[in-house]
Amino acid sequence: MRTERVPDTTVAVLGPGGVGGLLAALLARAGHRVICLARDETARTLSADGIRVRSGHFGDFTARVEADTELREPVDAILIAVKATALDAALERVPVGAPGDGLLVPFLNGVEHPAALRERYGSERVAPAAIRVESTRLAPGLIEHGSPFADVDLTGETVRRERLDALAATLEGAGLGVRVQNSEAATLWAKLTFLAPLALLTTRYALPLGDVRTRHRAELAALVEETAAVSTACGAPADPAAALVPYHSFPAATKSSMQRDAEAGRPLELDAIGGALLRAAERHGVAVPVASRLVRELAAAGH
């Protein structure tokens, strides 16, 4: 008599959009139980139809998932993949105590969200992560993965290492590239050091990266230098020359997610990205005139 395979892990995904939907689908395809937390309409769609993924890297497939508007049982981990602007509202779907002993793994932009999550849920269960991927939600339950990679840096200095290793193994088994990093500051600031210049400049000038590289080259270099200086002051040493290199490896048509949000009239993560950079600079006495001006100008434009 054939018996069904028992899922190894139960994972909740808060925000099954471009990133969260891809993670949910990959984990479900690997045999894990996945509960997506979303609004009523999205939850009904996911429950009925699952998540469809279009990917040259992972292939095209549909994964069955569970879905609800609120977490109602303990899980092994909650992957938090909402925008920083939606975090407070989204966390209403995860009542304090509901996750049990499960890890909370935020994939958010910025560097300040781990402290807020630790205050709410406890420091020993928050494991911040960064992901390198291009993945877009075309419709509820329809994900287009465009990059030839999906790589996760997992960290969490207040979490036992064996728990990080176990989660890393689960993610790797689903097809993701995973590194467990020792320094939380280095992991989060490495992402922000690249993201802040890209987001602020492409959004401020409404230009793709290629035009920013040519028409605002000096400003890009100055902003990278400022961001690297703040990162270093925060305990994550960064070399400005090395930090500038990745901007020249991306296609000229690259747009930041903040720029796309501005084009669509959605709220911007200006405070989580630019605001966090300015607050860290002020705490450590680092001058950031270019970053300050760009954040000021974007705010003045109604963002």
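Residues numbered from 1 in each chain as written. Predicted model: local features only at pLDDT ≥ 70, side-chain atom pairs only at ≥ 80, totals over all residues. Heavy atoms only, no water.

Draft legend 1. Structural context of the packing of helix H6 (residues 184–205) against helix H10 (residues 257–264). The contact between H6 and H10 brings their axes to 7 Å, and the two run at 30 degrees. One way to sum up the angle between H6 and H10 is to call them roughly parallel. Along the contact surface, H6 presents Ala 199, Thr 202 and Thr 203, while H10 presents Met 258, Gln 259 and Ala 262. In the contact of H6 with H10, the residues fall into three nonpolar, three polar and no charged. (Axes fitted to C-alpha atoms, helices over the stretch in contact; angles between N-to-C directions. Helix = DSSP H or I, 4+ residues; strand = E, 2+ residues; numbered from the N terminus. Parallel < 35°, antiparallel > 145°, perpendicular 65-115°, else oblique. Contact = heavy atoms within 4.5 Å. Nonpolar A, V, L, I, M, F, W, Y, C, P; charged D, E, K, R; others polar.)

Draft legend 2. The environment of Glu 219, seen in detail. You can see Glu 219 is positioned in helix H8 (residues 217–233). With a relative accessible area of 13%, Glu 219 lands in the buried category. Distance in space between the C-alpha atoms of Glu 219 and Pro 197 is 9.2 Å, their sequence separation being 22 residues. Once residues within four sequence positions are removed from consideration, Glu 219 is found in contact with Leu 201, Tyr 205, Val 290, Arg 293 and Leu 294. In this structure the side chain of Glu 219 is engaged in a polar contact, spanning 2.9 Å, whose partner is the side chain of Tyr 205. (Buried < 20%, exposed > 50% of the residue type's maximum accessible area, 1.4 Å probe, protein only. Polar contact = N/O pair within 3.5 Å; in protein donor to acceptor, adjacent residues only side chain to side chain.)

Draft legend 3. Geometry of the packing of aromatic side chains. Inspection of every chain in the model, using the stated rule, returns two aromatic pairs. Taken together, the ring pairs in this structure connect Phe 194, Tyr 247 and Phe 250 into an aromatic cluster. Over the face of the ring belonging to Phe 61 we find Arg 29, whose NZ or CZ atom lies 4.0 Å from the ring centre. (Phe/Tyr/Trp six-rings, centres within 6.5 Å; stacked < 30°, edge-to-face > 60°. Lys NZ or Arg CZ within 6 Å of the ring centre and 35° of its normal.)

Draft legend 4. Structural detail: the side chain of Arg 125. Inspection of the secondary structure assignment puts Arg 125 in the loop between helix H4 (113–121) and strand E8 (129–132). When its relative accessible area of 7% is taken as the criterion, Arg 125 is described as buried. Those residues within four positions of Arg 125 in sequence are excluded, and the remaining contacts are Pro 99, Gly 100, Asp 101, Gly 102, Leu 103, Leu 104, Val 159 and Arg 163.

Draft legend 5. Highlighting unusual backbone geometry. In this structure, Ala 206 takes a positive phi of about 50 degrees despite not being glycine. Structurally, Ala 206 is set in the loop between H6 and helix H7 (209–215). Residue classification places Ala 206 among the exposed positions, given a relative accessible area of 56%.

Note that every value here comes from positions in space, so none of it alone points to a role or purpose.
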